[in-house]
Amino acid sequence: MRQLQSFLKYPIQCFTLIFAISVFGAGTAYSQVPWPKAKTIKFIVPFTPGSGTDVIARLIANRLAETLETSIFVENKPGAGGTIGAAIVAKSDPNGYTFLITSSGHVVNPSLYSNLPYDTLKDFSGVTSLVELPNVMVTASDSGYTSVKDLINKAQAAPGTKNYASAGNGSATHMNAEKFKLAAKINANHIPYKGTPDAITDTIAGRVDWFFSPIVSALPLIKDGKLQALAVGTDKRSPVLPNVPTTNEAGVPNSSYVFWVGVFAPSKTPSKIIDRMNEGIIKIMKEPQIVAQINKLGAEPILMSPQKFDQMVRTEMESSAILVKESKMSVN
């Protein structure tokens with residue numbers, strides 16, 4: 001009793017002690033909650049809602065949350081060819097609660113932007129690739145273009161007068177267009193947009209001549225007759241557009257481009273977390289209902305280990321640097 005009375009003579013000290021016990025005790029309990037149940041996982045998508053990458057991210061988020069028994073929130077941070085969102089993830093706490101879901105444009109940006117706020121190899125750890133998502137070359141339904149050959153002939157007859165859209169500098173839609181332009185030997189003007197929806201809107205309106213859109217974003221508009229599909233950008237036809245030729249089949253060899261979507265974590269994220277996320281993603285990506293949804297979008301699952309994905313990123317950075325140089329791409 002005397003000890004309690006003595007202790008209560010110092011109310012400030014008493015409050016400080018109680019506060020410290022509550023805070024640090026709660027912190028200890030919080031830190032003991034196993035990943036990923038401590039808090040919500042965030043998927044940063046560096047492109048606008050409705051883009052191909054965004055559609056894939058949202059497709060897997062809910063099912064993955066169920067598998068991991070947690071919650072996942074998809075947040076769009078578009079701009080600068082995906083570099084704004086990538087920078088946010090690169091600087092995030094590597095605690096397993098922030099991931100980047102981005103496209104193959106991620107490996108292009110080191111060659112296109114001279115002052116990236118991150119190092120593509122050092123600041124990220126690959127988790128896995130998700131899908132190959134073909135692009136389709138679309139024009140307005142009333143554009144007057146009857147085929148890829150017709151478009152090339154008109155572009156060659158009036159050099160520098162035709163415009164093509166992209167979802168941003170260095171995006172997969174930009175790279176596909178540049179590879180096509182280089183292979184077709186045409187001179188046309190690049191018009192970068194903030195994202196795929198804006199590029200599609202101006203393509204429909206005829207303010208740009210063509211756009212290599214992700215099939216997932218363009219397919220409903222093709223079916224509605226608002227867009228005309230001239231060719232797909234991959235080296236094989238798409239099951240959802242079986243009557244549309246590839247650009248190679250349309251007479252432009254060496255023009256195919258693979259648009260992939262993948263998942264990255266900030267570097268120094270514990271390998272146990274990366275491996276667990278990899279396992280969770282691969283598990284749901286093999287589920288029949290998820291595969292069916294992906295195929296319905298014109299995409300194909302491509303799954304790999306974190307190590308193989310990191311190696312793929314390094315290889316594609318090298319090949320992208322060559323394309324950027326040969327096509328004389330620049331940020332404009």
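Up top is the structure these notes are about.
Let us look at the structure shown here. Since we're looking at a predicted model, the values are computed, not measured.

**Here we look at the sheet that holds strand E7 (residues 189-192)**
In space, the 5 strands of this open sheet follow the order E7-E6-E8-E5-E9, with mixed pairing throughout. Because the sheet does not close on itself, it has two edges, and the strands there are E7 and strand E9 (227-232). Adjacent strand axes in the sheet meet at a mean angle of 30 degrees, parallel and antiparallel pairs treated alike. Sheet analysis places strand E6 (residues 163-166) next to E7, joined by 4 bridges and oriented parallel. Paired with Ser 166 across the two strands is Pro 192, which belongs to E7. Packing of helix H7 (residues 172-184) onto the sheet brings it into contact with strand E5 (135-140), E6, E7 and strand E8 (210-214), and relative to E8 it is tilted by some 130 degrees.

**Examining the environment of Ser 125**
In this structure, Ser 125 sits in strand E4 (residues 124-132). In this structure the C-alpha to C-alpha distance between Ser 125 and Leu 68, which are 57 residues apart in sequence, comes to 20 Å.

**Digging into the sheet that holds E4**
Ordered by their spatial adjacency, 6 strands build an open sheet running E2-E1-E3-E10-E4-E11, and the pairing between neighbours is mixed. A single partner strand is all that each edge strand has here, and the edge strands are strand E2 (72-76) and strand E11 (300-301). The sheet strands contacting helix H4 (residues 83-90) are strand E1 (41-45), strand E3 (98-103), E4 and strand E10 (260-266), and the helix crosses E3 at an angle near 155 degrees. Contacting E4 and E10, helix H12 (residues 306-327) runs over the sheet at an angle of about 85 degrees to E4.

**Some details on the pairing of E4**
Within E4, 8 of the 9 residues are buried, which leaves it mostly tucked inside the rest of the structure. Examined bridge by bridge, E4 and E10 share 7 bridges and lie antiparallel to one another. Across the sheet, residue Thr 128 finds its bridge partner in E10, namely Val 263. With 2 bridges joining them, E4 and E11 adopt antiparallel strand pairing. Along E11, the bridge assignment pairs Val 131 with Pro 301.

**Regarding the packing of aromatic side chains**
All chains considered together, the criterion is met by 7 aromatic pairs. Between the aromatic rings of Tyr 118 and Phe 124, the centroid separation amounts to 5.4 Å while the plane-to-plane angle is 85 degrees, which identifies the pairing as edge-to-face. The class of Tyr 118 is buried, set by a relative accessible area of 7%. For Phe 124, a relative accessible area of 5% translates into the label buried. Look at Trp 260 and Phe 309: their rings are 5.6 Å apart centre to centre, the planes differ by 80 degrees, and that puts the pair in the edge-to-face class. Taken as a pair, Trp 260 in strand E10 and Phe 309 in helix H12 lie far apart in primary sequence, 49 residues in all. Judged by its relative accessible area of 1%, Trp 260 falls in the buried class. A residue is classified by how much of its surface remains accessible, and Phe 309, at 0% relative accessible area, is buried. Each residue in the set Tyr 118, Phe 124, Trp 260, Phe 264 and Phe 309 is aromatic and connected to the rest through ring pairs, giving one cluster.

Rules used in this analysis
- Residues numbered from 1 in each chain as written.
- Predicted model: local features only at pLDDT ≥ 70, side-chain atom pairs only at ≥ 80, totals over all residues.
- Heavy atoms only, no water.
- Pairing = 2+ DSSP bridges.
- Helix = DSSP H or I, 4+ residues; strand = E, 2+ residues; numbered from the N terminus.
- Axes fitted to C-alpha atoms, helices over the stretch in contact; angles between N-to-C directions.
- Contact = heavy atoms within 4.5 Å.
- Buried < 20%, exposed > 50% of the residue type's maximum accessible area, 1.4 Å probe, protein only.
- Phe/Tyr/Trp six-rings, centres within 6.5 Å; stacked < 30°, edge-to-face > 60°.

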